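# Topology and contacts: notes
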Amino acid sequence: MYHNKHLKQAMKQLRKQHPNVIIVYADYKAIQRLLGNNNRFYFDPNSVKKACCGMGGYYNFSFTRFCGALRVTVCPNPDEYVSWDGLHLRQKAYKIMTRYPSSHHS
C-alpha cells in the first residue's frame, strides 16, 4: 500500500506538470483479468502466456535468447499474443487494460 500511495501522488504531480498527457495506472489485477478473458479479446488461448518474439520452452522465452538475437523467431500472428517478448505486453494488451474498471485514472 505504501508504494501505491506514493505512486498515485507522483502521478498527480506529473499530471499537473504535463496537462496534455494522458497517464494511466493499471494494477496487476487488470493483467490477470486480461489473461482470464483472453477469448473475449481475440487472443489465442494457446498462446496467451507465450511470447510472440522469443525462443525456448513452453512460454517461448529465455533469459539468454531475447527477441532480436540470432535465430530468435517472431510469431506470424502477433495480434493473437498478449506478450511481445515475455517481458513486455503488446500494444493491444495495454490498450485493453486501460479500459478495465480496475484501472485508475485519478
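Refer to the structure printed above.
A brief look at the structure comes next. Here, residues in each chain are numbered from 1, in the same order as that chain's written sequence. Local features are withheld for residues below a pLDDT of 70 in this predicted model, meaning they are given only at 70 or higher, and side-chain atom pairs are given and counted only at 80 or more; totals for whole chains, interfaces and linings count all residues. Only hydrogens and water are removed before side-chain values are computed, so all heavy atoms of the structure are retained for them.

Okay, the packing of aromatic side chains next. Planes of paired rings set the category: under 30 degrees apart is stacked, over 60 is edge-to-face and the rest tilted, where pairs are Phe, Tyr or Trp rings (Trp by its six-membered ring) whose centres lie within 6.5 Å. Across all of its chains, the model carries three aromatic pairs by this definition. The structure contains a cluster of three or more aromatic residues connected by ring pairs, namely Phe61, Phe63 and Phe66. Two conditions define a charge located above a ring, namely a distance within 6 Å from the ring centre to NZ of Lys or CZ of Arg, and an angle within 35 degrees of the ring normal. Positioned above the aromatic ring of tyrosine 58, the side-chain terminus of lysine 50 is 4.9 Å from the ring centre. If you follow lysine 92 out to its NZ or CZ, it ends over the ring of phenylalanine 43, 4.5 Å from the centre.

We now examine the environment of tyrosine 94. Note that tyrosine 94 resides in helix α3 (residues 91-97). With 24 residues separating them in the primary sequence, tyrosine 94 and leucine 70 have C-alpha atoms 28 Å apart. Two residues qualify as a contact provided that any one of their heavy atoms is within 4.5 Å of a heavy atom in the partner residue. The residues touching tyrosine 94, leaving out its near neighbours within four places in the chain, are His88 and Leu89. Only DSSP runs of H or I reaching four residues or more are called helices, and only runs of E reaching two or more are called strands; each is numbered from the N terminus.

It is worth spelling out the state of the cysteines at this point. Here a disulfide denotes a covalent bond joining the sulfur atom of one cysteine to the sulfur atom of another. When the sulfur atoms of two cysteines come within 2.5 Å, that pair is taken as a disulfide. In the structure shown here, the tally under the stated rule is two disulfides. Each disulfide pairs two cysteine sulfurs, and for cysteine 52 the partner residue is cysteine 75, the sulfurs being separated by 2.0 Å. Given an S-S torsion of about -85 degrees, the disulfide between cysteine 52 and cysteine 75 has left-handed geometry. Of the two residues, cysteine 52 sits in the loop between α2 (28-36) and β2 (53-54) while cysteine 75 sits in the loop between β3 (73-74) and α3, which places them 23 residues apart along the sequence. Each member of the pair, cysteine 52 as well as cysteine 75, carries the same accessibility label: buried. Here cysteine 53 engages in a disulfide with cysteine 67; their sulfurs sit 1.8 Å apart. Taking the sign of the S-S torsion, about 90 degrees here, the bridge from cysteine 53 to cysteine 67 comes out right-handed. Buried residues are those whose accessible area, probed at 1.4 Å on protein chains only, stays under 20% of the maximum for their type, while exposed residues exceed 50% and partly exposed ones sit between those limits.

Moving on, we come to the side chain of serine 83. Tracing the chain through its elements places serine 83 in the loop between β3 and α3. On the basis of relative accessible area, serine 83 is assigned to the buried category, the value being 11%. Identification of polar contacts relies on pairs of N or O atoms within 3.5 Å, with a donor-acceptor requirement for protein atoms, meaning one able to donate a hydrogen and the other able to accept it, and with residues adjacent in sequence counted only if both atoms are side-chain atoms. One polar contact links the side chain of serine 83 to the main-chain amide nitrogen of glycine 86, over a distance of 2.8 Å. Leave out the neighbours within four places in its chain, and serine 83 touches Lys50, Ala51, Cys52, His88, Leu89 and Arg90.

Our focus in this paragraph is the nonpolar core. Counting residues in hydrophobic clusters, the biggest one holds ten residues: Ala30, Leu34, Phe41, Phe43, Val48, Val82, Leu89, Ala93, Ile96 and Met97. Contributions of two or more residues to this core are made by α2 and α3. For this core, the element with the highest residue contribution is α3, accounting for three residues. Residues belong to a common nonpolar core when they are buried Ala, Val, Leu, Ile, Met, Phe, Trp, Tyr or Cys residues joined through side-chain atoms within 4.5 Å.

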